Amino acid sequence: MSSLTRQLKVLRWSWRRRVAALPPPAVYTRALCSRSHDPADPIEVHKRKLELWFSHLPQEEKQFGGYFLPETMHVDPLILEREPAEKRTPLIPSPLLQGPPVPACTMEQLFEPVADWGGARGLNVMLYGAVGTGKTTVVRKLVLDWCAGAALTQFKLLVPFSCEDLSQLTRASSLRDLVGRKYLHLRRIPLLSGEGDQAKEVLFLFNGIEKMKLDFRIGNTELCSDPSEALPSGAVVVNLLRKYLLPEASILVTTRLSAVESIPQKYVARYAQICGFDSAERQRAYFTSRLLQQPSTGVAQPNREALIELLYLNLQRESRLAQACFLPAYCWLTCATLHFLHFTDAQAPIRTFTGIYTSFLRLNFGGEVLGAGAAARADGSVQERQGSLMLYVVRTVGKLAFDGVTNKRTSFSESELEQWVGGKTKTDEELRQLAVFRTDVLDFFLVPCPSKDGQEQDADERRYTFAVPAMQEYLAALYVVLGENKTAVEKLTRQVSVAIGQVNEEVGSMVAVLSKFIPLRIFAVFNLLQLFPKLYERIHTHNQGRIARTLASEMFRNEDSFNEDVLDQVEQGLLGLHGPQPEKQDERQPFELYPIFMGGLLHYDNRVLLQQLGCSIKSTTVSQITRALRKYLVRELNKPQPPEELMDLLVLLYEFQNPRLTAEILSTIRTIRLCNVRMTPLKCFVLSSVLSCSPASYRLEELNLSSCYLTHDLLEMLWPAFRHTHNLNLQFNSLGPDSCIFLSDLLLDPKSDIRSLQLCDNPLQESGVRTLLEALPQDQSLRHLSLMHTGLGDAGARQLASILHHHARLQELNVAYNNIGDSAALTLVDACREHPNIHTVHLYLNPLSNVGKQSLYVRGVPTDHGGTGRRVQVLASVTEGSDLSESWHPILSVITENASTWDPKRVREQLEVFLRDLEWGRQQQPSWWKRMHFRKVEKGVRQVLQRMDKDTAPKSRRNAK
């Protein structure tokens, strides 16, 4: 038994030796996997996951439709290496710099060896820049290039960290734990073990180091060289930068301008500054990558290229826009605005102009904070209180913007900046915040005004303006909606109300106890305390009503009535004003976006984004403003408004995105006249979206879209709007035969109720009119049809005559100026005479003979035995035989309005025929009074001829030159 036991012990001992000789299980498994399956290598897994994470586009990029990839839309900004002495050099656009340009450097060059830096130590590189210069974008592109093996290939491992995440950690962790917590697949990687010089192939990336309060004093941050020792996250970063922990590893740190000094100079080997887009070529490359990659928007490639060309020309001409686009952030805003204006389609997600600006601020200021003193924790430690940087912007720059909008000013002096942004009295902490704000943020919003003569302004005369004019209106609107423009009485009332509300419950309890022993009448005075919060509530409600009143009054200012609509103003600000320039330009800023931004900021989606920025707009405030706004808007809409103002109102309702309020406002509107407004895809989408908020039974009496540059593509976007109208005016547009298919479907749509359709001066041609006429027999709602100057011809007139009996509800037909001869006109009039309801036919400006006209007037009166007993009024001339036509004035009015666009030779011939008819009819009149009436009409015809001569004379002189 003992021998057996000894044999078992020997076997067990030999088995343990064999097991001990084997490598560790993790290493063994990794070795097998690396030989058989390369994708299981932790480095490869790390690259794949980093690529997935950093390829994810932020929410703000999705408004472009999701057509972009990071590698296709990235344009490298200018990066300059700075000497330690000049690391805080002010950022000045290169077009304004004097002297030769400084050569740029790449990210690869930043990690080349430094002579006076220890050869065994990894490099510490600080990459800094102002807000909006593209730090985050550069970091994203750097990580993706490393994952693809296109950059920094000397590093086997890249470990990116967000300093905002690290600053939120409260539990001590080692370096390996920090890496393993964020990247589980790197938990046991040997490169971070600290053994040998393996760490020389590692690059740590700390993005936004200003979010961490690093303390490099040895007395406050202990030294540590063990990657497995638990320390606060700040201490781990400090030891890495000191080169005490993993000294062979390289480190890339990104930060804002104000935090460059947060790391001592001896711990930084190289400084590099991101300087944005220093040339128009970089800007153009950025715009091309954003605006040309639109495969599914339906916008033709030449149109997109022309758009970029106009933008590029305006950048060369407009120094203010070029100065703003020096920052990549404003290039993004410009592209987002142009994409919104020109590439909007019905299938895209709902986007608003206010939403673009809110997303823009969230993209640049999301998570940004300003330190605001210290607060004691429950455990006795001290934690720094942090305030929203965006809220600080609103209370300073927003206040400046509001003062400018109120006083109609766009430029501000140094003293005004000091008054609104600096303030009078400041504590030490407030002065520190102000210094950080001026260094990092102020130049993002305000830029020096370009001098008219191109010379540099003196310090005393230097003035500043907002980099983008619309940003002034947005910040002013945000300042008002957040309630920051309260008067001193309102602020004091709120403070007193809060104080009384806190003690009111305690006073009430005390009065209840004492009332057991003393009569209640003595304590009646304490009930007055309950009235003060109610008084404050009434004052607060009055303040919200004042916001609504301000919005309505700014929306319908008399001096802005003759301006172009607000969307055209925005487009002209980006693309410039092309064509003949006005002789006298008004230098005053209209500020028409200001009320639209006020309405858009009340939209729920914008309030959610603002809440993330630390700017809270309560739902009760929105409700109070909305109730008051409806009353003021309805009051203004009772007055006649020009088409441009109506378009601005539609944009306001669209920005508001409140279907209930929109439906209530629309219930008071019966006519929308947008004649001469240049309709774009966005405007068509806005009109359809607003009218879609109304009930299905809602109908406009008239929707006038004459002379609006409508095309077939725009008609399809207007389909929902057409369903809500009785009288549709589409004359003087560019609708061709393809549009007639759409109009036929509209007439046959059971949900539409089109009673009047005006298609004058559209090149429908005979084929298009034939398509439209085929839908008439099945349509039972149309009453008035106008096909004047649409290329109908004799064949179209005869086809129209053959189907009229199938459409019993038609009452008036206009086929004037359609090259219809005597025979086709007589056939059409005969069909109208047999129709049960048609009472008027327009046939003027057609090549009709005198005999044909006389026959038409005779055919218009049916015979007693063969007709229906109805009279059809035929308008073929200003005369009816020897008498004046009852409709001579409408005929002359139509000719006068369209003489400049019609064929002048053809119109002149018809007017001369009118004169001959009038002269012959006057001679037939025995009455002196009737002859005077004929002379009055003759005078009107001659005035039209004289007006045509004046219009054609300048054209002939230009052609002669």
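Since we're looking at a predicted model, the values are computed, not measured.

Calculation notes
- Positions within a chain are numbered from 1, following the residues in the order the chain's sequence is written.
- Only residues with pLDDT of at least 70 are given local features in this predicted model, and only at 80 or more are side-chain atom pairs given and counted; all residues enter the totals for whole chains, interfaces and linings.
- In computing side-chain properties, one takes all heavy atoms of the structure into account and sets aside hydrogens as well as water.
- At least two bridges found by DSSP between two strands is the condition for calling them paired.
- A run of H or I in DSSP counts as a helix once it spans at least four residues, and a run of E counts as a strand once it spans at least two, with each numbered from the N terminus.
- Under this scheme, a helix contributes an axis fitted over its contacting stretch, all axes are lines through C-alpha atoms, and angles between N-to-C directions fall in the 0 to 180 degree range.
- When checking whether two residues touch, look at their non-hydrogen atoms; a contact exists if any pair is within 4.5 Å.
- Working definition: roughly parallel below 35 degrees, roughly antiparallel above 145 degrees, roughly perpendicular at 65 to 115 degrees, and oblique for all remaining angles.
- A crossing counts as left-handed when the near helix is turned anticlockwise from the far one by less than a right angle, and as right-handed when that turn is clockwise.
- The term salt bridge refers to a pairing of a side-chain nitrogen on Lys or Arg with a carboxyl oxygen on Asp or Glu at a separation within 4 Å.
- For every residue, the accessible area obtained with a 1.4 Å probe (protein chains only) is divided by the maximum for its type, and the residue is called buried under 20%, exposed over 50%, and partly exposed between those limits.
- The predictor attaches a confidence to each residue, called pLDDT, with possible values from 0 through 100.

Brief notes about the sheet that holds strand β9 (residues 411-413)
- In spatial order, the strands read β9-β11-β10; together these 3 strands make up an open sheet with antiparallel pairing. Edge positions in the sheet fall to β9 and β10 (446-448), since each of these pairs with one other strand and no more. Within the sheet, the average angular offset between the axes of one strand and its neighbour, ignoring direction, is 40 degrees.
- Helix α17 (residues 428-445) contacts β10 and β11 (463-466) of the sheet and is inclined by roughly 75 degrees relative to β10.

Digging into the environment of M679
- The residue M679 is located in the loop between β12 (671-673) and α27 (681-692) in this model.
- For the pair M679 and C708, spaced 29 residues apart in sequence, the C-alpha separation works out to 5.4 Å.
- Ignoring sequence-local partners within four residues, the contact set of M679 consists of M647, C684, C708, Y709, L710 and L714.

Focus: the packing of helix α13 (residues 328-342) against helix α14 (residues 353-365)
- Running from N to C, α13 and α14 point in directions that differ by 160 degrees, and their axes come no closer than 10 Å. Between α13 and α14, the angle is such that the two are roughly antiparallel. Taken as a pair, α13 and α14 cross one another with a handedness that is right-handed. Facing α13, whose interface residues are A329, Y330, W332, L333, A336, T337 and F340, α14 presents F353, I356, Y357, F360, L363 and N364.

Looking at the pattern of salt bridges
- With the rule as written, the count across this model stands at 30 salt bridges.
- Between D403 and R409 there is a salt bridge; the shortest N-O distance is 2.6 Å.
- Overall, the relative accessible area of 15% leaves D403 in the buried class.
- Its salt-bridge partner being K683, residue D565 comes within 2.9 Å of it at the nearest N-O pair. Residue D565 is found in the loop between α20 (531-555) and α21 (566-575), and its partner K683 is found in helix α27; the two are separated by 118 residues along the sequence.
- Under the relative-accessibility criterion, K683 is labelled buried at 1%.
- Overlapping salt bridges bring together D565, D568, E571, R678 and K683 as one network.

Some thoughts on unusual backbone geometry
- Of note in this structure, N676 is not a glycine but carries a positive phi near 70 degrees.
- Relative to the assigned elements, N676 resides in the loop between β12 and α27.
- On the accessibility criterion, N676 (54% relative accessible area) is exposed.
- Its identity as a non-glycine residue notwithstanding, S707 has a phi of 55 degrees, on the positive side.
- With respect to the helices, strands and loops of the structure, S707 is situated in the loop between β13 (700-704) and α28 (712-717).

Notes on the confidence of the model for the chain
- On average, residues of the chain score 80 in pLDDT, and 78% of them are at 70 or above.
- Confidence drops under pLDDT 50 across residues 372-385; counting only partners more than four residues distant or on other chains, this segment forms 25 contacts.
- The low-confidence segment residues 957-961, where pLDDT is below 50, has 0 contacts with residues more than four positions distant or belonging to other chains.

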